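Structural overview
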Amino acid sequence: QVQLVESGGGLVQAGGSLRLTCAASGRAFSSYTMGWFRQAPGKEREFVAAISWSGSRTYYSDSVKGRFTISRDNAKNTVYLQMNSLKPEDTAVYYCAVLVGGSYIQESEYDYWGQGTQVTVSS
């Protein structure tokens, strides 16, 4: 079993940057593909980015590609989401999760969700 804790959210002006951190505890963290999702008020949770267990492969939604970067440090059991050029539409609660299924885009393929961290981007 894996426990996840997100941090690094906050209030930032449009065009600014934040780095989110997902700290994992438990065994076999380095064996899993990890993902970031977000949920804005009144909307469904959506895929943001994912990274393979080795960090050699990364995946992004079209809405964040070129602005966000996902990375991981398996020695520290940590996954990061560097968010640059933030826009008001990036405002959401951001979650990290462990991919236990086959599709990195599908929320249902993930388990062991964190509690989330709020990101608010002002215009």
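Our subject is the structure that appears above.
In short, a report on the structure. (Residues numbered from 1 in each chain as written. Predicted model: local features only at pLDDT ≥ 70, side-chain atom pairs only at ≥ 80, totals over all residues. Heavy atoms only, no water.)

**Overview of the state of the cysteines**
Our working definition: Disulfides are defined in this document as cysteine sulfur pairs within 2.5 Å. Here a strand is any run of E in DSSP of at least two residues, a helix any run of H or I of at least four, and the numbering for each starts at the N terminus. Any residue under 20% of the maximum accessible area for its type is buried, any over 50% is exposed, and the rest in between are partly exposed; the area is computed with a 1.4 Å probe on protein chains only.
Counted by the stated rule, this structure contains 1 disulfide. Each sulfur of the disulfide joining cysteine 22 and cysteine 96 lies 2.0 Å from the other. On the sign convention where negative is left-handed, the bridge of cysteine 22 and cysteine 96, at about 65 degrees about the S-S bond, is right-handed. Here cysteine 22 is found in strand S3 (residues 18–26), whereas its partner cysteine 96 is found in strand S9 (residues 92–99), with 74 residues between them in sequence. Across the pair, cysteine 96 and cysteine 22 agree in class, each one buried.

**Regarding the nonpolar core**
Short version of the rule: Nonpolar cores were defined as sets of buried Ala, Val, Leu, Ile, Met, Phe, Trp, Tyr and Cys residues, with membership established by side-chain atoms within 4.5 Å. Residues are treated as being in contact if the distance between any of their heavy atoms lies within 4.5 Å.
Membership of the largest hydrophobic core comes to 27 residues, with the highest contact counts inside it found for Trp36, Leu81, Met83 and Tyr94. Of all the elements in the fold, those that place two or more residues in this core are strand S1 (2–7), S3, strand S4 (34–39), strand S5 (46–51), strand S7 (68–73), strand S8 (78–83), S9 and strand S11 (117–122). Methionine 83 has contacts with Gly16, Ser17, Leu18, Leu20, Arg67, Phe68, Tyr94 and Val119, leaving out every residue within four places of it along the chain. Residues Phe37, Phe47, Ala50 and Tyr110 belong to the second largest nonpolar core, which totals 6 residues.

**Regarding the sheet that holds S8**
Note the following rule: By the convention used here, strands pair only if DSSP detects at least 2 bridges between them. To obtain an axis, a line is fitted to C-alpha atoms, over the contacting stretch when the element is a helix, and the angle between two such axes runs from 0 to 180 degrees between their N-to-C directions.
Strand order in the open sheet formed by 4 strands is S1-S3-S8-S7, and the pairing between neighbours is antiparallel. With one partner strand each, in any of the chains shown, S1 and S7 form the two edges of the open sheet. When the angles between neighbouring strand axes are averaged without regard to direction, this sheet yields 15 degrees.

**Thoughts on the side chain of arginine 67**
Relative to the helices and strands, arginine 67 is located in the loop between strand S6 (58–60) and S7. By relative accessible area, arginine 67 is classed as buried at 11%. In this view, arginine 67 contacts Gln82, Met83, Asn84, Ser85, Leu86, Lys87 and Asp90; residues no more than four positions away in its chain are not counted.

**A short note on the pattern of salt bridges**
Short version of the rule: The working definition used for a salt bridge is a side-chain nitrogen of Lys or Arg within 4 Å of a carboxyl oxygen of Asp or Glu.
Per the counting criterion, the structure on display carries 5 salt bridges. Between glutamate 107 and arginine 45 there is a salt bridge, with the nearest N and O atoms lying 2.9 Å from each other. On the criterion of sequence distance, the pair formed by glutamate 107 in the loop between S9 and strand S10 (110–111) and arginine 45 in the loop between S4 and S5 is long-range, its members being 62 residues apart. For glutamate 107, a relative accessible area of 30% translates into the label partly exposed. Of the residues examined, arginine 45 reaches a relative accessible area of 22% and is grouped as partly exposed. The structure contains a network of salt bridges with shared partners spanning Arg38, Glu46, Arg67 and Asp90.

Shape descriptors only; they carry no functional weight alone.
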